Amino acid sequence: MLKIMPKIPKIIDSLYIHFPFCAHLCNYCDFYKKVPTDKMQDFKNFHLYLEESFSIHQNLIEKHGYSWAPLKTLYIGGGTPSLWGVEGSEFLENFFKKHQIQLADDCEFTLEVNPGAWNEEVLTSWQKLGANRFSLGIQALNEDMIKYLDRVHTIQDVHETLQYFHDHKLNYSVDFMLGLPFSEKLNRNVIEELSSALRCKPSHFSVYILTVKENYKFYSDLPHEEWIADEFLQVSDFLRQEGFLHYEVSSFSLPGKQSAHNLNYWKSHTVAALGPSATGFLSEEKLRYRWIPQRPEMVFEELSEEEFKLEKIYMAIRSQEGIRLSDFPEKLSSLVLEWERKALVTQQRGVVTLTSRGYLLLDSLMSDLFSSKLL
Ligand SMILES: C[S@@+](CC[C@H](N)C(=O)[O-])C[C@H]1O[C@@H](n2cnc3c(N)ncnc32)[C@H](O)[C@@H]1O
Ligand code: SF4
């Protein structure tokens, strides 16, 4: 007898919103952002952009049979979202009401905050809306590094921000950068900087190696590759000794404090996106979309079955989700064994995950895997 399979509802319970304004443009940054020329008018235009995008987005998701569910994760990234201010939290409150978007009771709601670009009134208004996790763009706790990075804040702003988040017992992550110009010459001590941040009890660190093009102002002052690799491994060892899990290439968390929003990307789940240059993914449709900045319009990328499979592997191996050996041809085992011998991966109950050294070499491992034609 023909069995009728129940249809699994296609829901969206994860949303990213890109806020595209910054007080100043840092010299290394490739994200889409601009400095407002007329703040009131620019924010008004941005709100219009979001409104217009929403109805386009609604058409798209309805066409593919999706509906909104109470959001389990909401991430406001940038740019510098803390500059959106009280006005931003009020706009979003009305926006969600109008479009009947609810936050689940246990929604992880993250707001990116830059030192020197927030105040208590702003934070309180976002907390009232539901923000319960903050990502602080600290980058360095060294005066020289902050200067070379061309940040608009001072080291005092960094300390004051960390102290405030500590004193108010907020759940927050710290963005921290490695491989910075002059750091080898000046013998930057990242462990000392991280120890200082740790005194203010963040629950999470995102640690990025600076990536720039050849025309970068300080290109010839960047440290050597081996020096950066050593810096990365030192940071991983140190944070793991301090009780953090190195659970994704760039991410370290206290147990239970992983970023649920980012885990959705690494598990190739559906994540909706709004805001100029933001990227969303309808997983069941294998459909990626990106908002173009000039006007509320999307460009699409439809993944083939094969591309989706490769992407899923790439995303899963970059986090402790890992890949299940039984999902792959037997021949893959020999490649994995070779990686294991080199201490680049570990295996537990058939699940292969990267070690810190493996994270560092992720791109070269993936290129070995994809060129081996074992998939
Ligand atoms: C979306 S950005 C915006 C965060 C915030 N505006 C700030 O600058 O602090 C998120 C993070 O990406 C990292 N990042 C930005 N540009 C980078 C680059 N060229 N290479 C590596 N990491 C970068 C920084 O750590 C930054 O905090
Ligand atoms: S504040 Fe952040 S998003 Fe803005 S220019 Fe600097 S690095 Fe880029």
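Residues numbered from 1 in each chain as written. Chains lettered and ligands numbered in written order. Predicted model: local features only at pLDDT ≥ 70, side-chain atom pairs only at ≥ 80, totals over all residues.

**As for the overall build of the protein chain**
For the record, the criterion: Each helix is a run of H or I in the DSSP string that is no shorter than four residues. Each strand is a run of E no shorter than two, and both are numbered from the N terminus. In this treatment the radius of gyration is a C-alpha quantity, and the globule benchmark scales as 2.2 Å times the residue count to the 0.38 power. Contact between two residues is assigned when their C-beta atoms, built from the backbone, lie within 7 Å.
Looking only at helices and strands, one finds 12 helices and 15 strands in the protein chain. Against the compact-globule benchmark of 21 Å for 375 residues, the protein chain has a radius of gyration of 22 Å, which places it among compact chains. Its C-alpha atoms give the protein chain principal-axis dimensions of roughly 65 × 60 × 40 Å. Within the protein chain, counting contacts between residues at least 6 apart in sequence, those at least 24 apart form 71% of the total.

**Observations concerning the nonpolar core**
To keep it simple, the criterion reads: In this usage, the nonpolar core is the set of buried Ala, Val, Leu, Ile, Met, Phe, Trp, Tyr and Cys residues whose C-beta atoms join them within 7 Å. Neighbour density around each residue's C-beta defines its exposure: 20 or more other C-beta atoms within 10 Å make it buried, 12 or fewer make it exposed, and counts between make it partly exposed, where C-beta atoms are placed from the backbone. Note that the domain bounds were set by an automatic or database domain assignment.
Ranked by size, the top nonpolar core spans 70 residues in total, and within it Y16, L136, I138, L178, F205, V235 and A273 carry the most contacts. If you count residues domain by domain, this core takes at least three from each of domain 1 (10-265) and domain 2 (322-375). Other than its neighbours up to four places away in sequence, F205 contacts S173, V174, F176, L239, F244 and F252.

**Observations regarding helix α3 (residues 120-129)**
Given 3.6 residues to a turn, an α-helix orients residues that are three or four positions apart in the same direction. This is how the line gets drawn: As used here, the arc belongs to the directions running from the helix axis to the C-beta atoms.
Buried within α3 we find V122, L123 and W126. Projected down its long axis, α3 carries its buried residues within an arc of 95 degrees, all on one side. Opposite the buried face of α3, by more than 90 degrees, sit the exposed residues E120, E121 and K128. Positive backbone phi, at 130 degrees, marks G130, one or two positions downstream of α3.

**A closer look at the site of ligand 2**
For clarity, the cut-off: Each residue gets a C-beta atom placed from its backbone. If that atom is within 6 Å of a molecule or strand, the residue is near it. Classification convention: Asp, Glu, Lys, Arg as charged; Ala, Val, Leu, Ile, Met, Phe, Trp, Tyr, Cys, Pro as nonpolar; all other residues, Gly among them, as polar.
The environment of ligand 2 is formed by C22, L25, C26, C29, F31, K33, G78, G79, T80, N114 and G137. Grouping the constituent residues of the shell around ligand 2 by class yields 5 nonpolar, 5 polar and 1 charged.

**Observations concerning the site of ligand 1**
The full set close to ligand 1 counts 18 residues, and Y28, G137, D175, Y208 and T211 are the nearest of them. Partitioning the shell around ligand 1 into residue classes produces 7 nonpolar, 8 polar and 3 charged.

**Examining the sheet that holds strand β12 (residues 297-302)**
We apply this condition: In this description, strands pair whenever DSSP reports at least two bridges between them. Lines fitted to C-alpha atoms define the axes, with helix axes restricted to the stretch in contact, and inter-axis angles between N-to-C directions lie between 0 and 180 degrees.
Here we have 3 strands laid out as an open sheet, ordered β10-β11-β12, and antiparallel in their pairing. Each having just a single partner strand, β10 (279-282) and β12 make up the two edges of the open sheet. Each adjacent strand pair in this sheet contributes to an overall mean axis angle of 25 degrees, direction not counted. Bridge analysis of strand β11 (residues 287-292) against β12 gives 6 bridges, and the strand direction is antiparallel. Counted as the bridge partner of L287 is E302 from β12.

**With respect to the sheet that holds strand β5 (residues 172-178)**
Spatially, the 9 strands line up as an open sheet ordered β7-β8-β6-β5-β4-β3-β2-β1-β9, and their pairing is mixed. The outermost strands of the open sheet, each flanked by one partner alone, are β7 (245-248) and β9 (272-274). The sheet shows a mean angle of 25 degrees between the axes of neighbouring strands, direction not considered. As paired strands, β5 and strand β6 (residues 204-209) are joined by 6 bridges and run parallel to one another. Bridge assignment links V174 to a residue of β6, and that residue is F205. Helix α1 (residues 39-63) contacts β1 (10-19), β2 (66-78) and β9 of the sheet and is inclined by roughly 155 degrees relative to β9.

**What about the domain arrangement of the protein chain?**
Frequently, the measure chosen for interface size is the accessible area removed from exposure when the parts meet. Taken domain by domain, the protein chain comprises domain 1 (10-265) and domain 2 (322-375). Averaged C-alpha coordinates put domain 1 and domain 2 at centres separated by 30 Å. Listed as interface residues are 6 residues of domain 1 and, on the opposing side, 5 residues of domain 2. A total of 4 residues in the side of domain 1 that touches domain 2 trace back to one element, the largest contributor, which is helix α7 (residues 225-241).

**A short note on α7**
Note the cut-off: By this rule, a helix spans an expected 1.5 Å times one less than how many residues it contains.
Look at α7: 24 Å from first C-alpha to last across 17 residues, which is about the 24 Å you get at 1.5 Å a residue. Listing the buried residues of α7 in full gives E231, F232, V235 and L239. The arc that holds the buried residues of α7, viewed along the axis, is 95 degrees, so those residues lie on one side. α7 presents E226 and Q241 as exposed residues on the side facing more than 90 degrees away from its buried surface. Elements that come into contact with the buried residues of α7 comprise β5, α6 (190-198), β6, β7, β8 (251-253) and α11 (356-360).

**Examining the pairing of β11**
Across 4 bridges, the pairing between β10 and β11 is antiparallel. Its bridge partner being in β11, G280 is matched across the sheet by Y289. Adjacent in sequence and paired antiparallel, β10 and β11 are bridged by 4 residues, among which K286 carries a positive phi angle near 55 degrees. In textbook terms, the turn of a hairpin is the stretch between consecutive antiparallel strands, and for β11 and β12 this stretch comprises 4 residues.

**Let's talk about the packing of α6 against α7**
Note the cut-off: Helix crossings are classified by the rotation of the near helix relative to the far one: an anticlockwise turn of less than a right angle makes the crossing left-handed, while a clockwise turn makes it right-handed.
Axis separation between α6 and α7 bottoms out at 10 Å; the angle between their running directions is 35 degrees. Seen from above, α6 lies across α7 with right-handed handedness. Between α6 and α7, the residues in contact are V190, I191 and L194 and E231, Q234, V235 and F238, respectively. When its residues are assigned to classes, the contact of α6 with α7 shows 5 nonpolar, 1 polar and 1 charged.

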